[in-house]
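Survey of secondary and tertiary structure
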Amino acid sequence: EQLGPRDAQRRSSRRDKALEERTRREMAELKAPKVKRYNGIGSRLRLTTDVEGVLDRIERSRQAKLKAAEKDLRERQKREDAECSFQPETKPAPAFVRQM
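Residues numbered from 1 in each chain as written. Predicted model: local features only at pLDDT ≥ 70, side-chain atom pairs only at ≥ 80, totals over all residues. Heavy atoms only, no water.

**Let's talk about the overall build of the protein**
Rules: Strands are runs of DSSP state E lasting at least 2 residues, helices are runs of H or I lasting at least 4, and numbering of each runs from the N terminus. The atom set for the radius of gyration is the C-alpha atoms, and the globule formula is 2.2 Å times the number of residues raised to the power 0.38. When a residue's accessible area, from a 1.4 Å probe over protein chains only, is under 20% of the maximum for its type it is buried; when over 50% it is exposed; and in between it is partly exposed.
Helices and strands together make up the secondary structure of the protein, namely three helices and zero strands. Along its sequence from the N terminus, the protein presents helices and strands in the succession α-α-α. Over its C-alpha atoms the protein spans a radius of gyration of 36 Å, topping by over 25% the 13 Å that the globule rule assigns to 100 residues. Seen through its C-alpha atoms, the protein measures out along the principal axes to roughly 110 × 55 × 30 Å. The buried share of the protein, taken over its 100 residues, is 2%.

**Some thoughts on the confidence of the model for the protein**
Rules: You can read pLDDT as the predictor saying how much it trusts each residue, on a scale of 0 to 100.
With 96% of its residues at a pLDDT of at least 70, the protein reaches an overall mean of 86. Mean pLDDT across the elements of the protein ranges from a minimum in helix α3 (residues 95-98), with 88, to a maximum in helix α2 (residues 51-83), with 93.

**Some details on the pattern of salt bridges**
Selection criterion: Salt bridges, as used here, are contacts in which a Lys or Arg side-chain nitrogen is within 4 Å of a carboxyl oxygen on Asp or Glu.
Counted by the stated rule, this structure contains five salt bridges. Residues Arg25 and Glu21 are paired through a salt bridge, measuring 3.5 Å at the closest nitrogen-oxygen approach. Placement of both Arg25 and Glu21 in helix α1 (residues 5-31) is noted, with a separation of four residues, approximately one turn of the helix. Using a relative accessible area of 47% as the deciding quantity, one classes Arg25 as partly exposed. Judged by relative accessible area, Glu21 falls into the partly exposed class, the value being 31%.

**Focus on the environment of Gln9**
Mapped onto the elements of the fold, Gln9 is located in helix α1. For Gln9, a relative accessible area of 54% gives the class exposed. Spatially, the C-alpha atoms of Gln9 and Glu29 are 30 Å apart, while their sequence positions differ by 20 residues.

In structure tokens, the structure reads:
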């Protein structure tokens, strides 16, 4: 089916209007998010009121994870060392060598 020049123009204008309407609705949603207000209840992270406290908590959490990882590494190394059957005997160096 062939469209005449007027039909194509009407179709194009309807398509443009629909696009503009969809864009307007999307922008309206982006500009005005729906946020519920709960009086007396604040953020658990307290980002706006206690910025330094948030940073301190993050640092403490990072340090705790680092300590746990180091402890795990030490324990794993001990288990691997316990599995080793070769344990050489070492003797102190003779006195004349230590005097050199």
